[in-house]
Amino acid sequence: MALKKLPGLIDVHVHLREPGATQKEDFYTGSRAAVKGGITFMIDMPNNPTPTISIERLDEKVELSKKGLCDIRFHFGTNGKNLDELPKAAARPEVFGLKIYCNHTTGEMLIDDPVLLQGVYSSWPVGKPILVHAEGEQLAQAITLATTHGQRLHVCHITQASEVEMVRDAKKNGLSISAGVCPHHLYMTGEARERLKGFAVMKPPLGTPEDKAALWAGLADGTIDMVETDHAPHTRAEKEQENPSFGVTGLETSFSLMWKAVQDGLITEERLIEVMYSAAKKIFNIPEQEDTYIEVDSEATWVVGEGGYETKANSSPFEGMELPGKVMTVVIRGKKVVEDGSIVG
Ligand SMILES: [Zn+2]
């Protein structure tokens, strides 16, 4: 066994489904999936069935999330009509950003009216990032709006080669912009749909081999700042139906997939720590978790799905894949949560 000590990992983009869709996941099961994968701090998205667009809904989530085994924080949401709530939400220590859905996705928070978008960009106090689900043209528009309003912009789950180019240019032009990439977009292309059916269905969809190559290049050269899982659990029945729900799980596999990338020479170990910890900490101004670390067996391998899952979704697009790097220990603020690879906390 070759134990390697690393910082507790951060995931700034998860959907833990509580309240409103706890048949898919809840804060407790989602946190079990997180710590199993070495993640000690994660930020939950606002697109619940009743979206997190008011302080009342935020308070409810803060309370419910206390059953989590790791730290769970929040991005606030907007439908373009809750402008009065935005400064109040931004002032809350539990809130790390504002999420805007510029393309259609799960939930009812799509904003495509330019007047509403202007209102949101001018009402969110400058400081904490605005996160966008923005593909293609919508990303170009988001970059323009962020520039006009002096906002920090985080591009969620970047997928296309042309989007990597847009972020690269925006960085060159001095915009305060960051981007996250999901392991499924790094590892899979549209071809996976044939084999995995519903388990390869998500938004944004899997790209082309050229997109995939651009994502790896962007991750290595710093254009893409971090790995975010977009952990978006659905039940197996929802994924196996004719029109599968959008989204795949990711919390239990992201570290090992990135450790594989280190072994395969796609990124360095130092870069892994940046993209799974330090960049997120800096960009989202995440407080230090005292006496928090993980230990991974860097030589062990494991097979995804063998021995089951912690996520209620009970599935992974990487099921059956043998991955290197096993999370053996997780300590959060001095308390052991994972020991010998099993959850104890
Ligand atoms: Zn998402």
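Look up a bit, the structure's there.
Residues numbered from 1 in each chain as written. Predicted model: local features only at pLDDT ≥ 70, side-chain atom pairs only at ≥ 80, totals over all residues. Heavy atoms only, no water.

**Let's talk about the overall build of the protein chain**
Per the secondary structure count, the protein chain includes 12 helices and 13 strands. At 19 Å, the protein chain has a C-alpha radius of gyration in line with the 20 Å of a compact globule built from 345 residues. Across its three principal axes, the protein chain shows a C-alpha extent of roughly 55 × 45 × 45 Å. For the protein chain, the accessible surface area stands at approximately 13,400 Å², while carbon and sulfur atoms represent 49% of it. Side-chain charges in the protein chain split into 36 positive and 49 negative, and the spacing between the mean points of these groups amounts to 2 Å. (Helix = DSSP H or I, 4+ residues; strand = E, 2+ residues; numbered from the N terminus. Rg over C-alpha atoms; globule rule 2.2 N^0.38 Å. Areas by Shrake-Rupley, 256 points an atom, 1.4 Å probe, with all protein chains shown as cover. Lys, Arg positive; Asp, Glu negative; His and termini not counted. Charge placed at Lys NZ, Arg CZ, Asp CG, Glu CD.)

**Some thoughts on the coordination of the zinc ion**
Ideal geometry at a metal centre gives angles of 109.5 degrees when four donors are arranged tetrahedrally and 90 or 180 degrees when six donors are arranged octahedrally. The coordination sphere of the zinc ion contains the protein donors His13 (NE2), His15 (NE2) and Asp230 (OD), at a distance range of 2.1 to 2.2 Å. Sequence spacing of the donors to the zinc ion: H-x1-H-x214-D. In this structure, His13 and His15 share a single accessibility class: buried. (Donors = N, O, S within 2.8 Å, 3.2 Å for Na, K, Ca; no water. Buried < 20%, exposed > 50% of the residue type's maximum accessible area, 1.4 Å probe, protein only.)

**A few points about the state of the cysteines**
Note on terminology: disulfide describes a covalent bond linking the sulfur atoms of two cysteines. Using the criterion set out here, one finds zero disulfides in the structure. Here Cys70 is not cross-linked by a disulfide; its sulfur's nearest cysteine counterpart is in Cys182, at 18 Å. In this structure Cys156 is not part of a disulfide, and its nearest cysteine sulfur, from Cys182, lies 8.4 Å away. Judged by relative accessible area, Cys156 falls into the buried class, the value being 2%. (Disulfide = S-S within 2.5 Å.)

**Notes on the nonpolar core**
Counting residues in hydrophobic clusters, the biggest one holds 107 residues, and the most contacted among them are Ile100, Tyr121, Leu219 and Met258. When near neighbours in sequence (up to four residues on either side) are disregarded, Met258 contacts Leu186, Trp216, Leu219, Val227, Ile267, Leu272 and Met276. (Core = buried A, V, L, I, M, F, W, Y, C linked by side-chain atoms within 4.5 Å. Contact = heavy atoms within 4.5 Å.)

**Quick look at the packing of helix α11 (residues 254-263) against helix α12 (residues 269-283)**
Running from N to C, α11 and α12 cross one another at 150 degrees; their axes reach a closest spacing of 9 Å. Between α11 and α12, the angle falls in the class roughly antiparallel. Between α11 and α12 lies a crossing whose hand is right-handed. Residue-level contacts link Ser254, Phe255, Met258, Trp259 and Val262 of α11 to Glu269, Leu272 and Met276 of α12. (Axes fitted to C-alpha atoms, helices over the stretch in contact; angles between N-to-C directions. Parallel < 35°, antiparallel > 145°, perpendicular 65-115°, else oblique. Left-handed = near helix turned anticlockwise from the far one by under 90°.)

**Observations regarding the pairing of strand β3 (residues 39-44)**
Burial analysis of β3 places six of its six residues in the buried class, which makes it a mostly covered element. With four bridges joining them, strand β2 (residues 9-14) and β3 adopt parallel strand pairing. Across the sheet, Asp11 pairs through a bridge with Met42, a residue of β3. Each parallel crossover has a hand, and for β2 linked through helix α1 (residues 27-36) to β3 it is right-handed. Two strands pair when backbone bridges link them, and β3 and strand β4 (residues 71-77) are joined in this way by four bridges, in the parallel orientation. For Asp44, the partnering residue across the bridge sits in β4 and is Phe74. (Pairing = 2+ DSSP bridges. Right-handed = clockwise from strand over helix to strand, strands pointing away.)

**Considering the side chain of Gln289**
With respect to the helices and strands, the residue Gln289 is situated in the loop between α12 and β10 (293-303). With sequence-adjacent residues up to four places away left out, Gln289 is seen in contact with Thr40, Phe41, Asp71, Ile332 and Arg333.

**Side note on the pattern of salt bridges**
Overall, the coordinates contain 22 salt bridges when judged by the stated rule. One salt bridge connects Glu85 with Lys88, and the closest N-O pair in it is separated by 2.9 Å. Taken as a pair, Glu85 and Lys88 lie in helix α3 (residues 85-90) at a separation of three residues, close to a single helical turn. The exposure class of Glu85 is buried, given its relative accessible area of 17%. Here Arg168 makes a salt bridge to Glu165, at a shortest N to O gap of 2.8 Å. Taken together, the residues Arg168 and Glu165, both in helix α6 (residues 161-172) and three residues apart, mark about one turn of the helix. Residue Glu165 is classed as partly exposed on the basis of its relative accessible area, which comes to 37%. (Salt bridge = Lys/Arg side-chain N within 4 Å of Asp/Glu carboxyl O.)

**What about helix α9 (residues 209-221)?**
Helix length check: α9, at 13 residues, gives a terminal C-alpha distance of 18 Å against a target of 18 Å (1.5 Å per residue), a fit within 8%. Residues of α9 that are buried: Asp211, Ala214, Leu215, Trp216, Gly218 and Leu219. Residues of α9 that are buried in the fold lie against α6, β8 (177-181), α7 (183-187), β9 (226-227), α11 and α12. Directly beyond the C-terminal end of α9, a positive phi value near 95 degrees is found at Gly222. (Expected span 1.5 Å × (residues − 1).)

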